[in-house]
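Structure at a glance
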Amino acid sequence: MTTESTAGAAAPRTLAEELRQRDDASLATLLRARPDLLSPVPNDLTQLATRAGTRASVVRALGRLDTFALQTAEALAVAPEPASYETLRALLTGDDGDAEVDAALPGALGTLRDQALVWGGDERLRLVRTARELLAPSPQHPSPTGLGPTVAEATSGMSPGRLQQLLEAAGLTSTHDPVSAVSALTDLFTDRTRMSALLDEAPVDALDVLGRLTWGPPYGQVTADPAAHLRWLLDRGLLVPTSPGTVVLPREAALHLRGGRAHRTTQPLPPEVPAAAEHRPRIVDSTAAGQALTAVATVEELLKEWHEGGPAVLRAGGLSVRDLKRTAVALDVPEPTAAFWVELAYAAGLLASDGGFEGATFDPYAEDAASRRADERYAATPAYDEWLELTAAERWARLAVAWLSATRTPGLVGGRDGKDRVLSALGPHLDRSAAPEVRHRVLGLLAELPQGAAPDPEAVLARLRWERPLRTGPAADPSGADLRARLARWTLEEAELLGVTGRGALSATGRALVSGAGSVRTQGADSVRGENTQSEGGLQSTLAELLTPLLPEPLDHVLLQADLTAVAPGPLERPLAETLGVLADVESKGGATVYRFTPGSVRRALDAGRTADDLHTFLATHSRTPVPQPLSYLIDDVARRHGHLRIGAASAYVRCDDDSVLGEILADKRAAALRLRRLAPTVLAAQADPAALLDGLRAMGFAPSAETPEGDVLIARAHAHRTPPRTPPAPVPEGPPVPDGTLLGAAVRAIRAGDMASTAPKRQAPAAASRPAPGELPRTTSAETLATMQAAVMTGEALWIGYVNAEGTASQRVIAPVRVEGGFVTAYDHTADEVRTYPLHRVTGVAELGED
């Protein structure tokens with residue numbers, strides 16, 4: 001089991017020494033698995049080992065271990081230090097053995113070694129001290145193994161006389177000192193034969209007590225006058241007092257009762273993710289394609305709702321609860337689903353706020369108008385107009401790629417943060433750095449199933465828990481819930497909404513998304529190895545090509561019906577859909593969209609500048625059925641009355657050539673609120689503004705139109721409100737990014753060079769008075785420095801120098817001088833791995849490297 005790097009070398013005494021025995025590929029593996037060790041690049045391997053043992057870095061590394069690797073580390077934490085491979089194996093397999101553990105243990109131990117959490121040969125395995133402190137049992141932090149302290153730890157404060165009493169009660173020979181007494185008691189508890197004989201004498205009730213403490217927690221409560229069976233255990237050290245009224249079962253005794261196992265259940269293999277349902281791949285792809293089309297239409301509908309400027313932005317950012325409810329009603333979806341579509345449009349760069357935040361301190365979650373940012377609203381971005389020009393498949397591809405890599409988490413909307421404030425859609429606190437990783441992993445598990453197979457969500461969650469057992473809890477989410485499991489559930493739901501999956505199974509486009517996104521994520525490292533990669537734009541093109549054949553062709557016609565409705569049997573061409581959306585109201589959506597014509601919708605088209613003839617021609621051109629007579633009558637009737645009344649600004653006025661109509665308005669009690677009075681036979685003045693006057697008269701059943709100051713009919717077209725150019729929100733990274741191959745290679749070379757500079761044996765220059773102490777810079781006179789440099793140029797030898805830069809920072813370097821002239825030395829710097837020029841007056845001293 002000994003690794004090749006340590007097989008032929010002396011046993012390392014420290015982690016730094018073991019790292020020196022590793023090859024460059026092994027160091028690169030360590031830095032890739034733990035990228036935080038590269039920030040900044042360590043000066044040498046000693047600094048790398050020190051950094052790898054810091055608490056923050058070890059906690060991060062433990063959090064990325066799978067269940068069995070973590071169980072292996074936990075077993076090492078309760079094993080004697082150093083432990084042999086056989087001792088570790090016995091703790092994981094127990095007396096009965098376990099073939100699956102035997103097969104998986106080398107891989108788990110290799111993972112711990114690769115990540116510098118374990119070091120040493122198979123006969124002297126050592127867990128990094130910080131990891132042992134985190135995983136070893138203590139009263140404040142119980143171990144997941146359920147084990148307690150060792151006999152030596154539990155009896156550390158016990159008097160020598162009491163220790164001798166324990167030996168006597170257990171049938172052991174008295175000793176002369178506490179150390180040998182503890183050793184004798186430990187030997188008894190670890191000797192299976194003698195321990196079994198001792199327990200054979202135990203009262204039945206005593207065995208029941210031990211049974212309750214065996215698998216943990218190992219602590220129990222006793223009274224000042226314990227029962228006889230408890231006294232029997234206390235007298236023999238099987239229970240050891242830790243504080244008044246509290247006793248603990250020593251680790252060695254618990255391991256005997258467990259049959260040598262550190263864990264009740266070991267999990268060497270990941271749980272299977274079986275198929276819970278099987279569908280034909282064609283059905284899955286068709287279902288997903290239909291939902292993809294719905295997703296594109298929903299996002300377009302959302303941004304049309306906000307075409308002239310959407311809801312106001314809260315001063316702390318985000319949508320108010322009322323605005324989210326209005327959006328949900330407009331889209332005809334539940335509020336959590338509306339939050340998903342809003343966040344998706346934002347992640348894709350199609351939606352943003354239209355202004356900046358200047359403000360000071362505000363209540364971020366107040367719902368009144370005063371709590372909103374001044375004159376700032378949500379609106380579509382210029383990128384939305386470009387998005388509209390794409391095909392439906394290309395639009396969906398852009399949404400899907402943005403969703404997969406986004407750290408925004410819509411599922412949190414409506415929850416509360418650590419300060420018990422409601423989290424709002426588009427708010428500033430919805431980023432969760434683990435979201436992209438979980439989405440990739442969930443879809444990756446679906447991709448491992450046969451085409452058309454849908455998994456049980458609970459099986460997916462069980463697999464994720466096995467892969468990252470520590471990535472949960474309060475450290476991951478203020479609510480204290482299992483954030484990783486919640487992200488996985490939201491991923492499955494959102495993938496179905498978006499059309500990445502169909503009927504729970506990954507579609508063909510979904511599989512391309514997973515594989516292509518994985519290629520994009522590893523592009524830097526893969527390019528070093530020469531593997532094929534594709535850019536994000538290339539991935540979108542691939543997805544669009546796969547989806548296009550699955551989508552229906554846009555239609556250029558509708559079916560008009562006698563009940564003043566029109567049925568669109570499929571997606572419509574965009575110009576047709578836009579015009580029909582103005583002329584009629586959407587009554588229902590689905591496989592076919594139903595539009596209803598009303599007096600208000602026809603008037604809306606007339607307000608937009610269409611004439612009655614335009615509308616008749618439009619319907620006749622785009623209807624596969626004859627235009628029903630009721631619809632023609634409706635258009636002509638509204639057009640005949642449209643603009644008969646004219647409204648302009650005085651405060652406001654009403655103008656009509658037919659004075660009888662104005663008299664009818666004055667006589668109507670509903671007009672009282674408008675405070676109208678006749679100025680002339682054909683003119684009424686109002687003290688309401690023109691917009692209120694328009695709405696009031698329309699509510700009374702009239703069809704007025706607004707007019708310009710010149711007296712012409714005012715055409716009311718929607719004003720497209722756009723934000724300034726905005727970039728999509730950047731994902732929030734989870735820790736330092738994984739370095740690519742180029743960075744890893746450069747970092748390894750720099751660390752090796754720095755380590756050579758700090759550890760290479762030095763030979764003092766002949767004229768030097770004394771050798772510098774370890775860690776000190778060499779000291780020589782200017783003449784000695786110059787002579788040694790010139791000699792090294794001729795011999796080609798490397799030198800060890802002390803150097804102080806312009807900022808006064810001192811460092812040690814190993815250089816190979818090439819040229820010495822004009823007060824400067826030009827040399828190849830092994831520490832920096834490049835040719836540099838140094839002023840000789842900044843060199844504190846020089847020494848030749850030793851022969852070895």
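Residues numbered from 1 in each chain as written. Predicted model: local features only at pLDDT ≥ 70, side-chain atom pairs only at ≥ 80, totals over all residues. Heavy atoms only, no water.

Below, the discussion takes up the overall build of the chain. Looking only at helices and strands, the chain features 35 helices and 27 strands. Burial status across the chain gives 47% buried among its 852 residues. Across the chain, the fraction of contacts at a sequence separation of at least 24, relative to all contacts at a separation of at least 6, is 66%. Entry remark: accessible area of the chain is about 40,100 Å², with carbon and sulfur atoms responsible for 53%. (Helix = DSSP H or I, 4+ residues; strand = E, 2+ residues; numbered from the N terminus. Buried < 20%, exposed > 50% of the residue type's maximum accessible area, 1.4 Å probe, protein only. Contact = heavy atoms within 4.5 Å. Areas by Shrake-Rupley, 256 points an atom, 1.4 Å probe, with all protein chains shown as cover.)

As judged from the 3 bridges shared by strand S4 (residues 240–243) and strand S5 (residues 246–248), these two strands associate in the antiparallel manner. Counterpart to proline 241 in the pairing with S5 is valine 247. (Pairing = 2+ DSSP bridges.)

Counted according to the given criterion, the structure contains 4 aromatic pairs. Measuring from ring centre to ring centre gives 4.8 Å for tyrosine 803 and tyrosine 838, while their planes differ by 65°; the resulting arrangement is edge-to-face. Linking tyrosine 803 in strand S23 (residues 799–804) with tyrosine 838 in strand S26 (residues 834–839), this pair joins segments that are 35 residues apart in sequence. The exposure classification of tyrosine 803 matches that of tyrosine 838, with both residues buried. (Phe/Tyr/Trp six-rings, centres within 6.5 Å; stacked < 30°, edge-to-face > 60°.)

If you check helix H22 (residues 435–447), its first and last C-alpha atoms are 18 Å apart, about what 13 residues at 1.5 Å a residue would give, namely 18 Å. Burial runs high along H22: 11 of the 13 residues are buried. All buried positions along H22 are accounted for by Ala435, Pro436, Glu437, Val438, Arg439, His440, Val442, Leu443, Gly444, Leu445 and Leu446. (Expected span 1.5 Å × (residues − 1).)

Let's shift gears to the sheet that holds strand S15 (residues 585–588). Spatially, S13-S14-S16-S15 is the arrangement adopted by the 4 strands of the open sheet, whose pairing is antiparallel. Each end of this open sheet is capped by a strand with a single partner; those strands are strand S13 (559–561) and S15. Across this sheet, the average inter-strand angle for adjacent strands is 30°, counted without regard to direction. Bridge analysis of S13 against strand S14 (residues 565–568) gives 3 bridges, and the strand direction is antiparallel. What sits directly across from glutamine 561, in S14, is threonine 565. (Axes fitted to C-alpha atoms, helices over the stretch in contact; angles between N-to-C directions.)

Moving on, we come to the confidence of the model for the chain. Detailed reading of the predicted coordinates is not advisable wherever pLDDT is low. Per-residue confidence for the chain gives a mean pLDDT of 84; residues scoring 70 or more make up 89%. Mean pLDDT values for the elements of the chain range from 39 in helix H26 (residues 523–529) up to 96 in strand S12 (residues 505–506). Overall, residues 1–8 carries pLDDT values under 50, and its contacts beyond four positions in sequence, including any with other chains, amount to 11 contacts. Segment residues 472–481: pLDDT under 50, and 15 contacts once partners within four positions in sequence are set aside and those in other chains are kept. (pLDDT = per-residue confidence, 0-100.)

Of note, the bond from serine 39 into proline 40 is cis; its omega dihedral lies within 30 degrees of zero at -5°. Position of proline 40 among the secondary structure elements: in the loop between helix H3 (24–33) and helix H4 (45–52). The omega angle of the peptide bond from glutamate 81 to proline 82 is -5°, so this bond is cis rather than trans. Note on placement: proline 82 falls in the loop between helix H6 (67–78) and helix H7 (85–93). The backbone phi angle of arginine 503 is positive, close to 55°, even though this residue is not glycine. Topologically, arginine 503 is positioned in the loop between strand S11 (501–502) and S12. A positive phi is found at arginine 675, a non-glycine position, where the angle reads about 50°. Following the sequence through the fold, arginine 675 ends up in the loop between helix H32 (659–667) and strand S19 (676–680). Looking at arginine 675, the relative accessible area reads 52%, which means it is exposed.

Attention shifts here to the pattern of salt bridges. One pass over the structure, following the stated rule, counts 38 salt bridges. Here arginine 441 and glutamate 448 are joined by a salt bridge, their closest N and O atoms 3.8 Å apart. When the shortest N-O distance is used, the salt bridge between arginine 574 and glutamate 578 registers 2.9 Å. Pair noted here: arginine 574 and glutamate 578 are both in helix H28 (residues 574–583), with a separation of 4 residues, about one helical turn. Overall, the relative accessible area of 37% leaves glutamate 578 in the partly exposed class. Linked by salt bridges that have partners in common, Arg64, Glu437, Arg468 and Arg484 make up one network. (Salt bridge = Lys/Arg side-chain N within 4 Å of Asp/Glu carboxyl O.)

A few words on the environment of aspartate 187. Inspection of the secondary structure puts aspartate 187 in helix H12 (residues 178–190). Among the residues examined, aspartate 187 registers a relative accessible area of 41% and is labelled partly exposed. Each C-alpha atom of the pair aspartate 187 and glutamate 252 lies 9.1 Å from the other, and the pair is 65 residues apart in sequence.

Let us look at the nonpolar core. Residues Leu31 and Leu239 are the most contacted members of the largest nonpolar core, which totals 88 residues. Considering each element in turn, this core owes the most residues, 8 residues, to H6. In contact with leucine 239, not counting residues within four places along its chain, are Val209, Leu213, Leu230, Leu233, Leu234, Val247, Val248 and Leu249. (Core = buried A, V, L, I, M, F, W, Y, C linked by side-chain atoms within 4.5 Å.)

Let us now look at the sheet that holds S4. The 3 strands are arranged S3-S5-S4 in an open sheet whose pairing can be described as antiparallel. Strands at the two margins of the open sheet, each flanked by one partner only, are strand S3 (219–221) and S4. Sheet twist, expressed as the average angle between the axes of neighbouring strands with direction ignored, equals 40°. Two elements, S3 and S5, share 3 bridges in a ladder whose sense is antiparallel. Residue pairing across strands places tyrosine 219 opposite valine 248, the latter belonging to S5.

Looking now at the side chain of threonine 186. Of note, threonine 186 is situated in helix H12. In terms of polar contacts, threonine 186 uses its side chain to reach the backbone carbonyl oxygen of valine 182, at 2.9 Å. (Polar contact = N/O pair within 3.5 Å; in protein donor to acceptor, adjacent residues only side chain to side chain.)

Once that is clear, we can look at the pairing of strand S24 (residues 810–821). Both S23 and S24 contribute to a ladder of 6 bridges, which runs antiparallel. Paired with glycine 802 across the two strands is glutamine 812, which belongs to S24. The antiparallel pairing of S23 with S24 creates a hairpin that spans 5 residues between the two strands, and glycine 808 there sits at a positive phi of about 90°. The pairing of S24 with strand S25 (residues 824–829) spans 6 bridges and is antiparallel. Bridge pairing in S25 places proline 817 opposite alanine 827. With antiparallel pairing between neighbouring strands as the criterion, S24 and S25 make up a hairpin whose turn holds 2 residues, including glycine 822 at a positive phi of roughly 60°.

Moving on, we come to the packing of helix H19 (residues 335–347) against helix H24 (residues 483–498). Relative to each other, H19 and H24 sit at 75°, their axes nearing to 12 Å. With respect to H24, the axis of H19 lies roughly perpendicular. For the pair H19 and H24, contact is made by Thr337, Phe340, Trp341 and Leu344 and by Glu494, Leu497 and Leu498, respectively. Taken together, the residues of the contact of H19 with H24 sort by class into 5 nonpolar, 1 polar and 1 charged. (Parallel < 35°, antiparallel > 145°, perpendicular 65-115°, else oblique. Nonpolar A, V, L, I, M, F, W, Y, C, P; charged D, E, K, R; others polar.)

Here the focus is the side chain of histidine 557. Mapped onto the secondary structure, histidine 557 falls in the loop between helix H27 (536–547) and S13. Judged by its relative accessible area of 13%, histidine 557 falls in the buried class. A distance of 3.3 Å separates polar atoms of two side chains, one belonging to histidine 557 and the other to aspartate 556. Discounting residues that sit within four places of it in the chain, histidine 557 has contacts with Pro569, Leu572, Leu576, His622 and Arg624.

Below, the discussion takes up helix H31 (residues 629–641). The end-to-end C-alpha distance of H31, which contains 13 residues, comes to 19 Å, matching closely the 18 Å that a straight helix rising 1.5 Å per residue would cover. Among the residues of H31, Leu631, Ser632, Leu634, Ile635 and Val638 are the ones counted as buried. What you see down the axis of H31 is that its buried residues fit within an arc of 160°, all on one side. The exposed residues of H31 that point more than 90 degrees off its buried face are Gln629, Tyr633 and Arg640. On its buried face, H31 sits against S13, helix H29 (599–607) and helix H30 (612–622). (Arc of directions from axis to C-beta.)

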